[in-house]
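# Structural description and commentary
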Amino acid sequence: MSENGDVYHLEMPKIGIIKGVLAKDIELVGGKVVNVRTCARPYSNVYSVAQLRVIRDVIENYGSGKVHLSPRHNLEIPEVRQKRLKDALRELYIAGLFPGGAGTSVRNIFTCPDWCSRSIRPVQELGEMISANFGDRDMHNKVTISFAGCANSCSRPHNCDIGIIAAGKVSVADEKCPDDCSGCIDACRFRAMDNKDGRISINERCTYCCRCVDACQESILAIEETGFRVLAGGKEGSTVKFGQECASFADDFEVLELIERILSRYEKKGGLRPGFVKKKERLGEVIERLGLEGFLA
Ligand code: SF4
Ligand code: SF4
Ligand code: SF4
């Protein structure tokens, strides 16, 4: 409700407002300005030139001349004048910039750019599918999902509620390596490679990171199949957790299935945080309480 008693109800389904606390639905109570969090669709982390032009106009016409790129690649437009908020949101909405990425729901899906030279396989299309299927779904608490195109994990999948990391199975050509080469063995952080009389083999410690393939100048190593590692239960914040591995090499369909399973188990098994009246558990807390197997059962 505004100062003069008006209640603002917008048609747009998901509104992200940052005003000390994050709220998903908008009902303005006092104050003169609000901060608007928005994210692009269909690609949640890629903004087109046309969208950037609209954002520039909204900042200039309704805001304070500033914009902030959030850690999950939402654009946050601070200090939008309340009286013009509806106009600002309408312009963003028409340009495919949806308010959201806040509250107790599945947040903006964060993906690596497909054009990164280290990417094992493109991830944005699957990210878009996940966004379409699970984006903004109401949850007990916020759920962050990140995709990484390789084990470098720039999108921080280990510290997200659900982290997905592209992986590749490596094939070794039936050829003898040069005597003085140890490029792949030096590149492997997991001691997963053996060299016996110039013949390379890969052992069970392999995590499918493909660093060895980049290191091989002789084309003896190649990526023969790609998939994804899937982690669940990580988080950042005042307490930090690393996600636990739910799948070591899942295909696209299995990733979608697993995300649905993780989210539905969380909906079913998540409860109040011990000692709290309202605050619900984060996904990682439920997994910690039940154990990964018990959680997924
Ligand atoms: S995680 Fe890999 S693919 Fe993604 S941005 Fe980093 S280096 Fe590139
Ligand atoms: S894929 Fe990664 S873990 Fe596996 S052998 Fe190559 S460098 Fe080592
Ligand atoms: S597989 Fe490639 S990098 Fe590894 S030892 Fe042979 S030639 Fe060198």
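The coordinates are above.
What comes next is a walk through the structure. (Residues numbered from 1 in each chain as written. Chains lettered and ligands numbered in written order. Predicted model: local features only at pLDDT ≥ 70, side-chain atom pairs only at ≥ 80, totals over all residues. Heavy atoms only, no water.)

### What about the sheet that holds strand β8 (residues 162-172)?
- The four strands lie next to each other as β7-β8-β11-β12, forming an open sheet whose pairing is mixed. For this open sheet the edge positions go to β7 (145-148) and β12 (244-250), each flanked by a neighbour on one side alone. Here the average twist between neighbouring strands, direction ignored, is 25°.
- Alignment of strand β11 (residues 221-232) against β12, held across four bridges, turns out to be antiparallel. Paired with Val230 across the two strands is Ala247, which belongs to β12. (Pairing = 2+ DSSP bridges. Helix = DSSP H or I, 4+ residues; strand = E, 2+ residues; numbered from the N terminus. Axes fitted to C-alpha atoms, helices over the stretch in contact; angles between N-to-C directions.)

### Quick notes on a negative patch on the surface
- Negative charge collects at one region of the surface, where Glu224, Glu225, Asp251, Glu254 and Glu257 lie side by side.
- Of all the secondary structure elements, the ones that give two or more residues to the negative patch are β11 and α6 (252-269).
- Inspection of the secondary structure assignment puts Glu254 in helix α6. (Patch = residues over 30% accessible without salt bridge, like charges linked within 9 Å, V, L, I, M, F, W, Y side chains within 5 Å. Areas by Shrake-Rupley, 256 points an atom, 1.4 Å probe, with all protein chains shown as cover. Salt bridge = Lys/Arg side-chain N within 4 Å of Asp/Glu carboxyl O. Lys, Arg positive; Asp, Glu negative; His and termini not counted. Charge placed at Lys NZ, Arg CZ, Asp CG, Glu CD.)

### Here's the deal with the pattern of salt bridges
- Under the criterion given, the structure shown has 15 salt bridges.
- Across the pair Asp57 and Arg56 runs a salt bridge, and its minimum N-O distance is 3.4 Å.
- With a relative accessible area of 27%, Asp57 lands in the partly exposed category.
- One salt bridge in this structure joins Glu281 and Arg289, with 2.8 Å as the shortest N-O distance.
- Relative accessible area serves as the criterion here: at 45%, Arg289 is assigned to the partly exposed category.
- Through salt bridges with shared partners, a single network forms among Arg84, Asp87 and Arg90. (Buried < 20%, exposed > 50% of the residue type's maximum accessible area, 1.4 Å probe, protein only.)

### Examining the site of ligand 3
- Neighbouring ligand 3 are Cys177, Pro178, Cys181, Cys184, Ile200, Cys216, Glu218, Ile220 and Leu221.
- The residue makeup of the shell around ligand 3, split by class, is eight nonpolar, no polar and one charged. (Near = heavy atom within 4 Å. Nonpolar A, V, L, I, M, F, W, Y, C, P; charged D, E, K, R; others polar.)

### Notes on the nonpolar core
- Judged by nonpolar contacts, the single largest core of 49 residues is most densely connected at Ile130, Ile145, Ile162, Ile164, Leu221, Val255 and Ile259.
- For this core, the element with the most residues is α6, which contributes seven residues.
- With sequence-adjacent residues up to four places away left out, Ile164 is seen in contact with Ile130, Ile145, Ser146, Phe147, Ala148, Pro157, Phe228, Arg229, Val255 and Ile259.
- If you look at the next biggest cluster of nonpolar residues, it comprises 16 residues, including Val58, Ile59, Leu85 and Leu89. (Core = buried A, V, L, I, M, F, W, Y, C linked by side-chain atoms within 4.5 Å. Contact = heavy atoms within 4.5 Å.)

### Things to note about the pairing of β8
- Across the eleven residues that make up β8, a large majority, eight, are buried.
- Where β7 and β8 come together, four bridges link them in parallel fashion. Of the residues in β8, the one forming a bridge with Phe147 is Ile164.
- The pairing of β8 with β11 spans eleven bridges and is classified as antiparallel. When the sheet's bridge partners are listed, Ala166 is paired in β11 with Phe228.

Read these as geometric descriptors, not functional statements.
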